[in-house]
Amino acid sequence: MADPRAAGRRSRRLSRRQAAVPGARRKKGLAFRLNGRSADFIAPSSSNGCAMACAYCYVARRKGHANPVSVFVNIEAILAATARHATRQGPKTAPNQVDPRSWVYDLGENGDLSVDAAISDNVRDLVALFRTLPDAKGSFATKWVNPDLLGYDPQGRTRIRMSLMPPALAKLLDVRTSPVAERIAAIPELHRAGYEVHLNFSPVVLHEGWEVEWGALFEMLDDLLPAAVKDQLAAEIIMLTHNRDLHEVNLAWHPKAEDLLWRPDIQEEKVSESGGVNLRYRTGWKGRWLQRFKDLLAARMPYCRVRYAF
């Protein structure tokens, strides 16, 4: 993957004056959506698009894999809306699977904020905002290692979910992302810099030999993560959901990925709320495979709490 910092050095940081430039992209809707899974709320995105091209990503079936990053220039409005929403919630009165004490806001639903941070100050501004919100945390998942994040001083109020899968699988499916070994090496650095760091095992792609591959990944993590990271570690596990339209997109540019992603022999169709035809692992069997995954994780990394699994 081309380093997005190169583009950042050419255009460098977005100026607040750009909000007045005709044609500049603005986030129009500033609504917050309930989540209750990985986060309590989905916050308005500060960008749209992703420089990466993961073969299973839902963005691809909407836009194809020419998916440039659009950074929204009305970041002050996004920050103000987030602060108002968090203030209205007040203290969290009961722990849940998302977090025992804080309301958690997913900030990067439509992209990867580690990449966004290389081309804009929006991510720095979001991290700074959550330092000031005693009852809220920001959260985003990433597959990109960006050393710039180490200087943002999050003070424990931003959660980074490092997305991982076995290295050989990632080489095939996680197109243009940082190698898994680099992502793992970045975890202690991010924690020392003040982030809460969790793991995102996603997607879990089932194929012959998957337990051996994931077991090796868990052993790698156990060997490399320091005690301070292990003491606060939690993970979410998300089994693959594929899509018929995305299958057609992939056949045109990355058919080898479909050998693993498109498995009608172990998948079943389910129509989504938007009318799309999704493929998920078969009912009954999916629950058994998910439990086997959780048992394997517990045997290799017993300190890693499963915060969310689907």
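Because the structure is predicted, anything quoted here is derived from the model rather than measured.

Novice: How would you sum up the confidence of the model for the protein chain? Please name residues and give values.
Specialist: The predicted model of the protein chain has a mean per-residue pLDDT of 90, with 90% of residues at 70 or higher. Long-range and interchain partners of residues 6-23, a stretch whose pLDDT sits below 50, account for 25 contacts in this model, where long-range means more than four residues apart.

Novice: I'd like a rundown of the packing of helix 3 (residues 75-89) against helix 5 (residues 122-131), residues and numbers included.
Specialist: Contact geometry for helix 3 and helix 5: axes closest at 11 Å, N-to-C directions at 25 degrees. By the angle between their directions, the pair helix 3 and helix 5 is classed as roughly parallel. Our pair here, helix 3 against helix 5, has a crossing hand that is right-handed. For the pair helix 3 and helix 5, the contacting residues are I75, L79, T82 and A83 in the first and N122, D125, L126, L129 and F130 in the second.

Novice: Talk me through the pattern of salt bridges; I want residue IDs and the actual numbers.
Specialist: Per the stated rule, a full pass over the model turns up 17 salt bridges. Among the salt bridges present, the one from E219 reaches R300, with a minimum N-O distance of 3.0 Å. One end of the pair, E219, is in helix 8 (residues 210-224); the other, R300, is in helix 12 (residues 285-300), and 81 residues separate them in sequence. A relative accessible area of 32% places R300 in the partly exposed class. Salt-bridge contacts for D265 lead to R263; the nearest nitrogen and oxygen are separated by 2.8 Å. In this structure D265 comes out as partly exposed when scored by relative accessible area, which is 44%. By relative accessible area, R263 is classed as buried at 12%. A single salt-bridge network, built from bridges that share partners, covers D99, K137, R159 and E196.

Novice: Give me the lowdown on unusual backbone geometry, citing residues and values where you can.
Specialist: Along the chain, S202 connects to P203 via a cis peptide bond; the corresponding omega equals -15 degrees. Turning to its location among the elements, P203 is positioned in strand 8 (residues 196-204). Despite not being glycine, D153 shows a phi value in the positive range, around 55 degrees. Residue position: D153 is located in the loop between strand 6 (136-142) and strand 7 (158-164). With a phi close to 55 degrees, Q155 is a non-glycine residue in the positive phi region. Turning to its location among the elements, Q155 is positioned in the loop between strand 6 and strand 7.

Novice: Break down helix 3 for me, with residues and values.
Specialist: The end-to-end C-alpha separation of helix 3 is 21 Å, in line with the 21 Å expected for 15 residues at 1.5 Å each. Turning to helix 3, its buried residues are I75, I78, L79, A81, T82, H85 and A86. Buried residues of helix 3, viewed axially, fall in a sector of 165 degrees; they line one side. With respect to the buried face of helix 3, the exposed residues turned more than 90 degrees away are T87 and R88. Those residues of helix 3 that are buried are in contact with strand 2 (41-42), strand 5 (103-106), helix 5 and strand 6. Count one or two residues on from helix 3 and you reach G90, which has phi positive near 70 degrees.

Novice: Give me the lowdown on the sheet that holds strand 13 (residues 305-309), citing residues and values where you can.
Specialist: Read across the sheet, eight strands follow the order 1-2-5-6-7-8-9-13 without closing on themselves; strand pairing throughout is mixed. Strands at the two margins of the open sheet, each flanked by one partner only, are strand 1 (33-34) and strand 13. Set on the sheet, helix 3 makes contact with strand 2, strand 5 and strand 6; between it and strand 5 the angle comes to about 155 degrees. Each of strand 7 and strand 8 touches helix 8; the most contacted strand, strand 8, lies at about 170 degrees to it.

Novice: So what about the nonpolar core? Which residues, and what values?
Specialist: Ranked by internal contacts, the top residues of the largest apolar core, which has 71 residues, are Y105, F201 and W214. Among residues more than four places away in sequence, those in contact with F201 are L164, W214, L217, F218, L221, A235, E236, I237, I238, F293 and L297.

Novice: So what about the sheet that holds strand 12 (residues 277-281)? Which residues, and what values?
Specialist: Taken in spatial order, the three strands of this open sheet run 10-12-11, and their pairing is antiparallel. The sheet is open, and its two edges are formed by strand 10 (241-243) and strand 11 (267-271), each paired on a single side. Averaged over all neighbouring strand pairs, the angle between strand axes comes to 35 degrees, with direction disregarded. Where strand 11 meets strand 12, five bridges bridge the pair, whose relative direction is antiparallel. The residue of strand 12 that forms the bridge with E269 is L279. This element, helix 10 (residues 244-253), spans strand 10, strand 11 and strand 12 of the sheet and lies at about 70 degrees to strand 10.

Definitions and limits used
Residues numbered from 1 in each chain as written. Predicted model: local features only at pLDDT ≥ 70, side-chain atom pairs only at ≥ 80, totals over all residues. Heavy atoms only, no water. pLDDT = per-residue confidence, 0-100. Contact = heavy atoms within 4.5 Å. Axes fitted to C-alpha atoms, helices over the stretch in contact; angles between N-to-C directions. Helix = DSSP H or I, 4+ residues; strand = E, 2+ residues; numbered from the N terminus. Parallel < 35°, antiparallel > 145°, perpendicular 65-115°, else oblique. Left-handed = near helix turned anticlockwise from the far one by under 90°. Salt bridge = Lys/Arg side-chain N within 4 Å of Asp/Glu carboxyl O. Buried < 20%, exposed > 50% of the residue type's maximum accessible area, 1.4 Å probe, protein only. Expected span 1.5 Å × (residues − 1). Arc of directions from axis to C-beta. Pairing = 2+ DSSP bridges. Core = buried A, V, L, I, M, F, W, Y, C linked by side-chain atoms within 4.5 Å.

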